[in-house]
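One-letter residues, chain by chain:
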Amino acid sequence: MMKLLLSSTSSFLLSVGLSSSKSTTLAYCCCSSTSGSSRAIIIGRRRRFASPLSSAASFIRTPNRYYNAAATTAMIRAGNNNNSEAAETMTSSSSLTYTPISSISPLITAARTSYNTHFTHPYEFRMAQLDGLERLIRDNYSLLCQTIHLDLGQGDMYTEGFELTGMLGRVSYAKSQLKSWMTTQSRPTPFPVNLNLPVHTTLTPYPRGVALIISPWNLPITLSLAPLLDAIAAGNVCVLKMSEKCVHTTTLLSDLLRSGKYLDKRIVTVVNGGAEEATELLRHRFDVVSYTGGVKVGRIVNEATAKFITPTLLELGGKNPVFVTKNADIASAALRIVWAKVTGNAGQLCICPDYCLVESSVKEEFVDALCKAMDQFYPVSSYSSVSNDDGGGRRTTTTTTTTGDVGKMISVEHAERVVSMVDSTCKVIYGGQHHNTKERFVAPTIVEATADSTVMKDEIFGPILAIVTVPDLDSAIEFVDTNFSSKGEHPLNLYLFTKSKKEQEKIMNAIPSGTCAVNDVVKQAANYHVPFGGIGTSGIGSYYGKYGFDFFSHYRGSLIVKNYSTFKWDPAVWMLFPPFNDKKILAFRTLSKIPLILDPLKRVLPVAKVLLPVALGILVFWAGMLVERSKYFG
């Protein structure tokens, strides 16, 4: 039986699993924010993730303990096949081939050797890779939709809306801005640095080097390719570890990235596997690390990279609150919250609303609006199931006819965990039935909860929405502060529904969060013009667009001097070099006050930029008039 390791992450040893027996290893959940038991660090027999649709016969266990089954060659060859049934037949037997642990160190060494040739530095090379990344998505659009359907039970609309369209937008934006991002900028040179005239200061972004990117299963395309895009744009060589749970998507992306058809084979090294492979990767020094996943594993990653003092981006998760005040548009709020909670990968996104804090005066109206929205978007008939009984009260088979627009959980274990959170500590006010955990399906559910309810103890990460009733806005803010913020458990996302600007400012000032959306949910995380990142336990650092380029870059300031003087009366020589005396000190102090005297003049500089050309034009005009006058009047 598996045992949960609930002790401090400081006790984590990277050598676990490699130094111990082969049947025991460190397991981790590489998910966007999976909570509870599925987020805990697990010590137990090694698990191998394959397609939930695969039969037991398709699991081939070899002496070296890695998958050795058919990959996605057939999928790539079938590129333009739009028959989803045929695609499912092709891919349902796919399984993930793990990278041999013994080859990981040589792969990292090869990546570093490649980077040391500086082949990634030129603008033209980086643009070629971004073009390739765009072609990778466009050429394999339908295949990526099919693999998402197989791994997460989602339809094409979800994949296009939450994955592919946004990813193409990110690539296009990076391509349009790359030259300006890479441009060396001029910076002011203050006193006394500017004594050595002529002198100027520049700021240039340089690649950090070899980047390790560990991505989760819940947005397997975006959360793998988005940090990869930023790292490549910044000129890094990347080692990419995708989740082993999304077997089909990870297998397809691995083959595409390794093929050399879209990206230079030197620019990205794909390492596949589970806990042992991730542990081995973290033994090595990287120049920058990006990890998206749960808090517990995030602490382990941070501890591992701290040994090398490596800059680390942690995109974690948390319980995202939704404030619904008496001044909210209730109908509008209900529609948006329900859509984000269920359509958002059945609640398996770190940006999904987790629980609602509703003022008691509008609670009944809000709950009614939520139930109506559930019935409108996800009627029970759209995910009905048929059960067969063997006559003795035992269910032999259960076949879910369809999941509608809900989607599925990533695994049976995760489905069971989510369902188990709805217990006697909360009251079901919608749904709570029609779950089919054997087929990874959890039906949309709304529950009424309190701070002591099981659903409030950890991130739900499923299509279950908790409602907490509060008397007023101050009580709602106090609830979040007492149960979460005071412990440093700040949400990754803060949502508030109110028409009152005063209430909006009050909530945003009181509750720290990574991002915030007012009168909407989820969509703020898709805007690559602003940074995305957590605060407190929801993450460290941020990325997206220019901010991602900045994270994967080191900005080096350079002082460039063209004064080679050794003349003793040159101020740069006379004032700065010994021997020192009172005259030099007085001169130094006097010159140091000049910036303070000139600083107020900066305020009139914008006006001066306009007035000076006008004044100069008038002066030239009158000078011309005087010249013409002298011709006639001598």
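To be clear, the structure that these remarks concern was listed above.
What counts and what doesn't
- Residues numbered from 1 in each chain as written.
- Predicted model: local features only at pLDDT ≥ 70, side-chain atom pairs only at ≥ 80, totals over all residues.
- Heavy atoms only, no water.
- Pairing = 2+ DSSP bridges.
- Helix = DSSP H or I, 4+ residues; strand = E, 2+ residues; numbered from the N terminus.
- Axes fitted to C-alpha atoms, helices over the stretch in contact; angles between N-to-C directions.
- Phe/Tyr/Trp six-rings, centres within 6.5 Å; stacked < 30°, edge-to-face > 60°.
- Buried < 20%, exposed > 50% of the residue type's maximum accessible area, 1.4 Å probe, protein only.
- Expected span 1.5 Å × (residues − 1).
- Contact = heavy atoms within 4.5 Å.
- Core = buried A, V, L, I, M, F, W, Y, C linked by side-chain atoms within 4.5 Å.
- Parallel < 35°, antiparallel > 145°, perpendicular 65-115°, else oblique.
- Polar contact = N/O pair within 3.5 Å; in protein donor to acceptor, adjacent residues only side chain to side chain.
- Right-handed = clockwise from strand over helix to strand, strands pointing away.
- Left-handed = near helix turned anticlockwise from the far one by under 90°.
- Patch = residues over 30% accessible without salt bridge, like charges linked within 9 Å, V, L, I, M, F, W, Y side chains within 5 Å.
- Areas by Shrake-Rupley, 256 points an atom, 1.4 Å probe, with all protein chains shown as cover.
- Salt bridge = Lys/Arg side-chain N within 4 Å of Asp/Glu carboxyl O.

1. Things to note about the sheet that holds strand 4 (residues 185-187)
Logical step 1: On the basis of which strands lie adjacent, the open sheet formed by three strands has the order 4-5-21 and antiparallel pairing. Looking along the sheet, the strands with just one partner apiece sit at the ends: strand 4 and strand 21 (553-561). Averaged over all neighbouring strand pairs, the angle between strand axes comes to 35°, with direction disregarded.

2. What to know about the packing of aromatic side chains
Logical step 1: The tally for this structure, following the rule as stated, stands at 16 aromatic pairs.
Logical step 2: Relative to tryptophan 181, the ring of tyrosine 173 lies with its centre 5.8 Å away and its plane at 70°, an arrangement referred to as edge-to-face.
Logical step 3: Among the residues examined, tyrosine 173 registers a relative accessible area of 17% and is labelled buried.
Logical step 4: With a relative accessible area of 5%, tryptophan 181 lands in the buried category.

3. Quick notes on helix 4 (residues 123-139)
Logical step 1: Here helix 4 contains 17 residues, and its C-alpha end-to-end distance of 24 Å stays within 8% of the 24 Å for a straight helix at 1.5 Å per residue.
Logical step 2: At its buried positions, helix 4 is contacted by helix 5 (141-152), helix 6 (156-182), strand 5 (199-207), helix 7 (222-233), helix 8 (247-258) and helix 16 (545-551).

4. A word on the nonpolar core
Logical step 1: The biggest cluster of nonpolar side chains holds 151 residues, and the ones touching the most others in it are Val268, Phe323, Ile337, Tyr355, Leu357, Phe366 and Met456.
Logical step 2: Tallying contributions element by element places helix 6 first for this core, with 11 residues.

5. Focus on the packing of helix 6 against helix 7
Logical step 1: Put simply, helix 6 and helix 7 touch, their axes get as near as 10 Å, and they point 5° apart. Our classification of the angle between helix 6 and helix 7 gives roughly parallel. Touching Phe162, Glu163, Met167, Arg170, Val171, Ala174 and Leu178 of helix 6 are Thr222, Leu225, Ala226, Leu229 and Ala233, all from helix 7.

6. As for the side chain of serine 538
Logical step 1: Note on placement: serine 538 falls in the loop between strand 19 (515-518) and strand 20 (539-540).
Logical step 2: Only 2.7 Å separates the side chain of serine 538 from the backbone oxygen of isoleucine 535, close enough to count as a polar contact.
Logical step 3: Non-local contacts of serine 538, meaning those with residues more than four positions away in its chain, are made with Leu314, Glu315, Leu316, Gly317, His490, Pro491 and Leu492.

7. Let's talk about the pairing of strand 11 (residues 321-324)
Logical step 1: Alternating residues of strand 11 divide into Pro321 and Phe323 and Val322 and Val324, and every residue in both groups is buried.
Logical step 2: In this sheet, strand 12 (residues 355-359) lies alongside strand 11 in parallel orientation, the contact comprising four bridges. Following the sheet pairing, proline 321 is matched in strand 12 by tyrosine 355.
Logical step 3: Taken together, strand 11, helix 11 (residues 330-343) and strand 12 constitute a β-α-β crossover, and its handedness is right-handed.
Logical step 4: Note that strand 11 and strand 18 (residues 493-497) share three bridges and pair parallel. Along strand 18, the bridge assignment pairs valine 322 with tyrosine 495.

8. So, the packing of helix 5 against helix 6
Helix-helix packing is described using two parameters, namely the angle between the two axes and the distance between the axes.
Logical step 1: Their axes nearest at 10 Å, the elements helix 5 and helix 6 cross at an angle of 130°. If you check the angle between helix 5 and helix 6, you find them oblique. The crossing of helix 5 and helix 6 is right-handed. Each of Tyr141, Leu144, Cys145 and Ile148 in helix 5 lies in contact with helix 6, whose residues at this interface are Asp156, Tyr158, Thr159, Glu160, Glu163, Leu164, Thr165 and Leu168.

9. Quick look at a nonpolar patch on the surface
Logical step 1: The grouping of Val607, Val610, Leu611, Val614, Ile618, Phe621, Trp622 and Met625 at the surface amounts to a nonpolar patch, some 810 Å² of accessible area in total.
Logical step 2: Within the secondary structure, methionine 625 is located in helix 19 (residues 605-633).
Logical step 3: You can call methionine 625 partly exposed: its relative accessible area is 43%.

10. Observations concerning helix 12 (residues 363-377)
Logical step 1: Look at helix 12: 21 Å from first C-alpha to last across 15 residues, which is about the 21 Å you get at 1.5 Å a residue.
Logical step 2: The complete set of buried residues in helix 12 reads Lys363, Phe366, Val367, Ala369, Leu370, Cys371, Ala373 and Met374.
Logical step 3: The elements touched by buried residues of helix 12 are strand 11, helix 11, strand 12, strand 15 (427-430), strand 16 (445-448) and strand 17 (464-470).

11. Some points on the side chain of serine 513
Logical step 1: Along the chain, serine 513 falls in the loop between helix 15 (501-510) and strand 19.
Logical step 2: Within the local environment of serine 513, its side chain forms a polar contact with the backbone oxygen of threonine 515, the two atoms lying 2.8 Å apart.
Logical step 3: Those residues in contact with serine 513 that lie beyond four places of it in its chain are Pro491, Leu492, Asn493, Leu494 and Ile535.

12. Some points on the sheet that holds strand 12
Logical step 1: One open sheet accounts for seven strands, arranged 15-16-17-12-11-18-19; its pairing is mixed. Edge positions in the open sheet fall to strand 15 and strand 19, since each of these has one partner strand only. Taken over all neighbouring pairs, the strand axes of this sheet differ in orientation by 25° on average, direction set aside.
Logical step 2: Most of the contacts of helix 12 go to strand 15, to which it runs at about 60°, and overall it touches strand 11, strand 12, strand 15, strand 16 and strand 17.

13. Observations regarding the pattern of salt bridges
Logical step 1: In this structure the tally under the stated criterion is 15 salt bridges.
Logical step 2: Here lysine 241 ties to glutamate 244 by a salt bridge, and the two come within 3.4 Å at their closest N and O atoms.
Logical step 3: Look at lysine 241 and you get buried, because its relative accessible area is 0%.
Logical step 4: A salt bridge links aspartate 354 to lysine 319, with the shortest nitrogen-to-oxygen separation between them at 2.4 Å.

14. A few points about the environment of lysine 241
Logical step 1: Along the chain, lysine 241 turns up in strand 7 (residues 237-241).
Logical step 2: Residues lysine 241 and glutamate 277, spaced 36 residues apart in sequence, show a C-alpha to C-alpha distance of 8.7 Å.

15. Some details on the environment of leucine 591
Logical step 1: Relative to the helices and strands, leucine 591 resides in helix 18 (residues 582-598).
Logical step 2: For the pair leucine 591 and leucine 195, spaced 396 residues apart in the sequence, the C-alpha separation amounts to 9.6 Å.
Logical step 3: Ignoring anything within four residues of it in the chain, the contact list for leucine 591 reads Phe191, Leu195 and Met575.

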